[in-house]
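Understanding the architecture of this molecule
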Amino acid sequence: MNHQARQDAPRQRIIKAARKLFDAKGFHATTTAELATEAAVSIGQIYRLFENKDDVILALVEENTRARIAEMDGIFGAIEQGKQSMFDAIKAIARLSMVKSDGGLSFEILAEACRNPLVAERLTALVDCYRGGVRRLAALTRPDATAGELDAYVEIMMACFFGLGHRTLIAPATDVDQISHETACLLMRALGAPDQSD
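The following paragraphs examine the structure supplied in this document. Since the model is a prediction, treat every value here as computed from it, not as a measurement. (Residues numbered from 1 in each chain as written. Predicted model: local features only at pLDDT ≥ 70, side-chain atom pairs only at ≥ 80, totals over all residues. Heavy atoms only, no water.)

For the rest of this paragraph, the subject is the packing of helix H5 (residues 86-99) against helix H7 (residues 117-141). Running from amino to carboxyl end, H5 crosses H7 at an angle of 155°, the nearest separation of the two axes being 10 Å. It follows that H5 is roughly antiparallel to H7 by the angle criterion. Crossing geometry of H5 relative to H7 is assigned as left-handed. Contact residues: H5 offers Met86, Ala89, Ile90, Ile93 and Ser97, while H7 offers Tyr130, Leu137, Leu140 and Thr141. Of the residues assigned to the contact of H5 with H7, the class counts are 7 nonpolar, 2 polar and no charged. (Axes fitted to C-alpha atoms, helices over the stretch in contact; angles between N-to-C directions. Helix = DSSP H or I, 4+ residues; strand = E, 2+ residues; numbered from the N terminus. Parallel < 35°, antiparallel > 145°, perpendicular 65-115°, else oblique. Left-handed = near helix turned anticlockwise from the far one by under 90°. Contact = heavy atoms within 4.5 Å. Nonpolar A, V, L, I, M, F, W, Y, C, P; charged D, E, K, R; others polar.)

Have a look at this one:
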């Protein structure tokens, strides 16, 4: 096993433990000792891999960013290869918004972003990346739209997708497929495109 692979295993265990503990207890209420115990590493190992606990939350944000980018790229690739319709792409993103939730960790990260400029900067990068993907989807759906129209479509779609994710934290969706289908219908209509509802 090479040096990088040995380093990655404890790092991933720490991130996984942080995701669990920060979600359950909150970032500030979780001690480094609890994090070390949950990750099956020493406290020293945490500080060899991360500068401090803030660095752990930044790693969570980066991991979330990479995962979201990969999901969006997969959806766009399917559209561009003609394997998925715009309707199905919007439906897939709505579904991801409802089922790919970190529970209370999302709110914990948002709260930490209000206190910590580094977390805010990373979170802004995630949102900007996501916004770019949503803009790409709106432009593919409405290639005739002006820049101003695209901006408005993006804001509505972002509010919808983020709202679905936050809604499921408060009241889990009972029928994710139905809600994602109805969301796609509404957004397609908002975009002035056929909603393809059957």
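That shown, we press on.
The subject of this paragraph is the pattern of salt bridges. All told, the structure shown has 11 salt bridges when counted by the stated rule. Across the salt bridge formed by Glu71 and Arg68, the nearest N and O atoms sit 3.8 Å from each other. Here the residue Glu71 and the residue Arg68 both occupy positions in helix H4 (residues 53-80), the gap between them amounting to 3 residues, near one helical turn. When its relative accessible area of 19% is taken as the criterion, Glu71 is described as buried. (Salt bridge = Lys/Arg side-chain N within 4 Å of Asp/Glu carboxyl O. Buried < 20%, exposed > 50% of the residue type's maximum accessible area, 1.4 Å probe, protein only.)

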